[in-house]
Amino acid sequence: MENIQVPIDQEELVRIRRRLHMYPELKWDLPMTTALVKEELERAGIPYVADAYGPNTIVATINPHLAGFTMGLRGDMDALPIEENNLDKPYRSRHEGVMHACGHDAHTAMLLGAAKALYAIRDQLACRVKLLFQPCEEGRPSGASVMCSHGVMKDIDCILMCHVNCGDAVHVISCCAGVTNASSVAFKIFLRGRSAHVAAPHAGVDALAAGVKVYNGIQLLLSREVDPFDTCVMSVCTLHAGTSVSVNAEECVLEGSLRCLKDGTMTWARERLERLVRLTAEESGVGWELAWSGDPLPIAYNDPVLYQAFLTSARRVVGPERVKRLLPSPGGEDFAYYEREKPGLLFGLGMRNPEKGACHPAHTRDWDIDEDALSTGVKVFVQFVVDHMHGIDGLTPPAKEAAHG
C-alpha cells in the first residue's frame with residue numbers, strides 16, 4: 001500500500017448530494033444533473049468528454065496520458081418517478097413526482113468526490129482512472145448498455161461501483177464474489193374478451209375473470225414449480241380492467257416483472273409464463289398477447305480476483321469488523337453490462353441511521369441517507385485505486401455470454 005494523503009471534503013459532498021436531491025431527473029433527460037457534474041469537473045480542472053458514449057453521458061479521466069493499467073469507477077445519475085414524503089427536509093425534491101429514492105444522488109456525489117481526490121494526487125498515481133457518470137439506470141434502454149455499445153469499456157481493465165443502502169448501518173461495507181444481482185425483465189399481458197351487460201354474463205367473455213386466473217396461476221407455479229433453493233420472482237404489480245359496474249370487462253391488462261439469479265431459471269420462467277397465459281386464454285375464450293420490455297437485464301457478477309483485491313482496501317478504510325458479506329439480490333442492476341465486457345465489482349455502503357430518519361427501503365417515498373457515509377464511499381474508491389494502481393494479477397476478461405449462476 002502506498003502512503004498517500006488524500007484530501008476529501010465532506011461538506012462539499014453533502015452540498016453536491018443535496019443539490020442533486022433537490023432537482024432529480026429521470027432516465028435520459030438529465031440537463032440539470034449533467035450541468036452540475038460538468039461544472040464541478042471544470043472547477044476542479046478535471047478533463048472529461050460529454051455525450052461521446054450516448055446522450056447525457058459524461059466520462060472524466062485522471063491521467064489520460066497513461067496508457068497502461070486503467071480502472072473504471074461508475075456512478076448512476078437518474079432518479080425515480082416517486083413523490084417524496086420527506087417534507088421536513090430542506091433538501092427535499094423540488095420536482096413534483098420525481099425523487100432520488102435509490103441513492104443515485106449519493107452515487108454521483110461520491111464519484112465527483114473521488115474524481116477530485118484522485119486528481120489532487122494524480123502525480124502520485126501509476127495508473128489511469130476513468131469515471132463514468134451514467135444516465136438511465138432505472139429505465140430502458142439501459143444507460144450502461146448504451147455506453148458499452150459506444151465502446152466505453154475498450155480501454156478499461158476493471159470497473160467498480162458503489163450502491164448505498166439503508167439495510168446496513170452507516171459506514172458498513174458489503175461485498176461478495178459471484179452473483180450480486182438478478183437478471184430481470186418486465187412483462188405486459190393483454191387479455192381481450194367481449195363485453196356484456198352484467199345481468200347477462202353468458203352473452204360475453206369476461207377478460208377480468210381470465211386475468212384473475214392468470215394471476216392465481218402465477219402464484220401456483222411459483223409455489224409448486226420453482227426449486228425452493230432457487231430464486232424466481234414473478235410479480236404482477238398492476239391490473240387494469242373494466243370501465244363500469246354494469247358491464248363485464250372487455251379488456252384486462254396485467255403488468256409486472258420477472259427476476260432470476262440463474263440464466264436457466266430465467267429462460268424457463270419466460271417460457272412457462274407464456275404457456276400459462278396461452279392456456280388460460282384458450283380455456284377462458286379470450287384473446288391474448290404477452291409483451292416483454294426487451295431482452296432480460298444480465299445477471300450482475302463480481303469477479304472473484306477483484307473481490308479479493310477489494311477486501312484489502314475496504315478493510316483498511318472501515319476496519320475488518322465493518323466489512324460483511326453481500327447477499328445476492330433479486331433486484332436488477334445494469335452494471336452487469338460493464339461486467340460482461342471486463343471484470344467488475346459492486347459493493348454496498350450502509351447509510352442506515354434511524355436517528356436521522358435514514359431507515360426506509362429504497363424506491364419508497366421516505367427514503368433518505370446518513371450523509372456522514374459519503375466520505376466513506378469516496379475513501380474506499382480512492383484506497384482501491386491507490387492500493388492497486390500497478391495492476392491486479394489474475395484479472396481476465398469474462399466471457400461475454402457466460403451464464404454466471
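Report on the accompanying structure. (Residues numbered from 1 in each chain as written. Predicted model: local features only at pLDDT ≥ 70, side-chain atom pairs only at ≥ 80, totals over all residues. Heavy atoms only, no water.)

## Overview of the overall build of the chain
- For the chain, the helix and strand inventory stands at 9 helices and 14 strands.
- Rg of the C-alpha trace for the chain: 23 Å, near the compact-globule value of 22 Å for 405 residues, within the 12% margin.
- The principal-axis extents of the C-alpha atoms in the chain amount to approximately 80 × 45 × 40 Å.
- Counting the 405 residues in the chain, one finds 55% classified as buried.
- When the accessible surface of the chain is split by element, carbon and sulfur atoms take 50% of a total near 17,400 Å². (Helix = DSSP H or I, 4+ residues; strand = E, 2+ residues; numbered from the N terminus. Rg over C-alpha atoms; globule rule 2.2 N^0.38 Å. Buried < 20%, exposed > 50% of the residue type's maximum accessible area, 1.4 Å probe, protein only. Areas by Shrake-Rupley, 256 points an atom, 1.4 Å probe, with all protein chains shown as cover.)

## Some remarks on the sheet that holds strand S3 (residues 70-76)
- Ordered in space as S1-S2-S4-S3-S5-S14-S6-S13, the 8 strands form an open sheet in which the pairing is mixed. In the strand order of this sheet, the two ends are held by strand S1 (48-50) and strand S13 (323-325), each with one partner. Averaged over all pairs of adjacent strands, the angle between their axes in this sheet comes to 25°, without regard to strand direction.
- As paired elements, strand S5 (residues 158-169) and strand S14 (residues 344-352) share 8 bridges and run parallel to each other. By the bridge assignment, Val 164 is partnered in S14 with Leu 349. (Pairing = 2+ DSSP bridges. Axes fitted to C-alpha atoms, helices over the stretch in contact; angles between N-to-C directions.)

## Concerning the sheet that holds strand S8 (residues 183-192)
- Pairing is antiparallel across the open sheet formed by 4 strands, whose spatial order is S9-S10-S8-S11. The open sheet is flanked by strand S9 (232-241) and strand S11 (287-292), the only strands paired with a single partner. Strand-to-strand twist across the sheet, computed as the mean angle between neighbouring axes with direction ignored, equals 20°.
- Looking at chain direction, S8 and strand S10 (residues 251-260) are connected through 10 bridges and run antiparallel. What sits directly across from Ile 189, in S10, is Leu 254.
- On the sheet, helix H5 (residues 207-225) packs against S8, S9 and S10 and is oriented at approximately 170° with respect to S9.
- Docked against the sheet, helix H6 (residues 263-284) engages S8, S9, S10 and S11, running at close to 160° with respect to S11. (Contact = heavy atoms within 4.5 Å.)

## As for the environment of Cys 359
- Within the fold, Cys 359 resides in the loop between S14 and helix H9 (374-387).
- Judged by relative accessible area, Cys 359 falls into the partly exposed class, the value being 25%.
- Residues Cys 359 and Asn 165, 194 residues apart in the sequence, show an inter-C-alpha distance of 9.1 Å.
- For Cys 359, the residues in contact, after removing those within four places along its chain, are Cys 166, Arg 352 and Pro 354.

## Digging into the pattern of salt bridges
- By the definition in use, this model includes 24 salt bridges.
- Linking Arg 18 and Glu 371 is a salt bridge whose minimum nitrogen-to-oxygen distance equals 2.8 Å. Taken together, the residues Arg 18 in helix H1 (residues 10-22) and Glu 371 in the loop between S14 and H9 connect sequence positions 353 residues apart.
- Judged by relative accessible area, Arg 18 falls into the partly exposed class, the value being 31%.
- Since its relative accessible area comes to 8%, Glu 371 is described here as buried.
- The partner of Lys 130 in a salt bridge is Asp 155, and the shortest N-O contact between them spans 2.9 Å. Remark: Asp 155 occurs in the loop between helix H4 (143-149) and S5 and Lys 130 occurs in strand S4 (residues 128-134); sequence separation between them is 25 residues.
- Residue classification places Lys 130 among the buried residues on the basis of a relative accessible area of 9%.
- Residues joined in a network through salt bridges with shared partners are Glu 12, Arg 15, Glu 39, Glu 40, Arg 43 and Lys 116. (Salt bridge = Lys/Arg side-chain N within 4 Å of Asp/Glu carboxyl O.)

## Observations concerning H5
- Across its 19 residues, H5 extends 26 Å between first and last C-alpha, which sits within 8% of the 27 Å expected from 1.5 Å per residue.
- Looking only at H5, the buried set comprises Ala 207, Ala 210, Gly 211, Val 214, Gly 217, Ile 218 and Leu 221. Down the axis of H5, the buried set is contained in an arc of 115°. They therefore lie on one face. Pointing more than 90 degrees away from the buried face of H5 are the exposed residues Leu 220 and Arg 224.
- Elements in contact with the buried residues of H5: S8, S9, S10 and H6.
- Its side-chain oxygen at 3.0 Å from the backbone nitrogen of Leu 208, Asp 206 defines the N-terminal cap of H5. (Expected span 1.5 Å × (residues − 1). Arc of directions from axis to C-beta. Polar contact = N/O pair within 3.5 Å; in protein donor to acceptor, adjacent residues only side chain to side chain.)

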